[in-house]
Every structure is written in C-alpha cells, then in structure tokens.
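# Secondary and tertiary structure notes
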Amino acid sequence: MKHSIFCFLVFPIMAFSQNTISVHVVNIPSEEGKVNVAVYNSDASFLKFEGVVKAHSTPAKEGSVEVVLENLPDGEYALAIFHDKNGNDKLDTNWLGIPTEKVAFSKAKMKTFGPPKYEECRFKVSGDTEINIAF
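We now turn to the structure provided with this report. Remember, predicted model here, so these are calculated numbers, not experimental data.

Moving on: the pattern of salt bridges. Per the counting criterion, the structure on display carries four salt bridges. Residue Lys85 pairs with Glu32 through a salt bridge whose shortest N-O separation is 3.8 Å. A residue pair is termed long-range when its members are at least 10 positions apart, and Lys85 in the loop between strand 5 (75–84) and strand 6 (103–105) and Glu32 in the loop between strand 1 (18–28) and strand 2 (34–40) qualify at 53 residues. The salt bridge partner of Asp89 is Lys34, with a shortest N-O separation of 2.5 Å. In this pair, Asp89 is assigned in the loop between strand 5 and strand 6 and Lys34 in strand 2, connecting sequence segments 55 residues apart. On the accessibility criterion, Asp89 (54% relative accessible area) is exposed.

As for its placement among the helices and strands, Glu101 is situated in the loop between strand 5 and strand 6. Along the primary structure Glu101 and Asn86 are separated by 15 residues, whereas in three dimensions their C-alpha atoms are 9.0 Å apart. Among residues more than four places away in sequence, those in contact with Glu101 are Phe82, His83, Asp84, Lys85, Asn86, Lys90, Leu91 and Asp92. Here the side chain of Glu101 touches Lys85 through a polar contact of 3.0 Å, landing on its backbone nitrogen.

A few words now on the packing of aromatic side chains. Throughout the structure, instances matching the rule amount to three aromatic pairs. Their ring planes at 80° and their centres at 5.4 Å tell us that Tyr40 and Phe46 sit as a pair that is edge-to-face. Taken as a pair, Tyr40 and Phe46 share a single burial class, namely buried. Note on Phe46 and Phe105: the rings are 6.4 Å apart at their centroids and 55° apart in plane angle, and the pair reads as tilted. Here Phe46, found in the loop between strand 2 and strand 3 (54–59), pairs with Phe105, found in strand 6; they are 59 residues apart in sequence, far enough to count as distant. In this structure, Phe46 and Phe105 share a single accessibility class: buried. An aromatic cluster of at least three residues, connected via ring pairs, comprises Tyr40, Phe46, Phe105 and Tyr118.

Conventions we followed
Residues numbered from 1 in each chain as written. Predicted model: local features only at pLDDT ≥ 70, side-chain atom pairs only at ≥ 80, totals over all residues. Heavy atoms only, no water. Salt bridge = Lys/Arg side-chain N within 4 Å of Asp/Glu carboxyl O. Helix = DSSP H or I, 4+ residues; strand = E, 2+ residues; numbered from the N terminus. Buried < 20%, exposed > 50% of the residue type's maximum accessible area, 1.4 Å probe, protein only. Contact = heavy atoms within 4.5 Å. Polar contact = N/O pair within 3.5 Å; in protein donor to acceptor, adjacent residues only side chain to side chain. Phe/Tyr/Trp six-rings, centres within 6.5 Å; stacked < 30°, edge-to-face > 60°.

Here you go:
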C-alpha cells in the first residue's frame, strides 16, 4: 500500500519536472542588437520558424551574454543562436543565402554548405543544464 501511494505521488511530479537551460554565449562582436536563442526538439522541426519549442532574446553585450530558458520538460533539444545585429528579428543573409549575422548551434558548427543537422546539435536535458556556445 505504501508503495502505491508513493508511486501515485511521485510519478506525476517526475512527469512534469521543468528544467532551466542556461546558455552562455561568448565571442559576441558588439553591443549592437540582441542575441536570439531558439530551442528545437526534433529533426523534423529543426531550424523551422513554426518548429520552435521556446525562444528568448537578450540585448547583445560585447564579449558574452547569458540567456536563460525556463520551464522545459526532460527531453532532447538542439539550440540555434544568432546575433541579430540590426534588431530586425530575422537572420539576415546575402544573395546566396549565407548568413551575414553571427550564427551558432549547440554542439556543432556551421558547415561550408549549410547548417548542421539536428542529430549533431542535440543534447539531453534531465535537470537544470548549462551550455557554452561560441560564435
């Protein structure tokens, strides 16, 4: 009986545990604009505007900033970060589609012919997590 009561009380708490991801972004070239962080949780939604699980931005500071993403359940995530230098809320690109603003990802770097895949960027969250990302 005690075991049943324990399971009844603890499993719902575990199922809804919420975590915080603290993202430390370094090598920010200027204080212009802001730093945007987008969180994705699947290959199918990765780097798609409508696939963002959570997003947050903070004013840019030359050197580094910290972006805190709260209330994320346990799971697997990938981050895409960009320095929105002109503050227009979009990643600016040249005529070839190559970003003209700094871009970074969790656990992977931009490739010569495009962004990394979700599998290269993903990481597990099962508690509060800190991640360091450099432009």
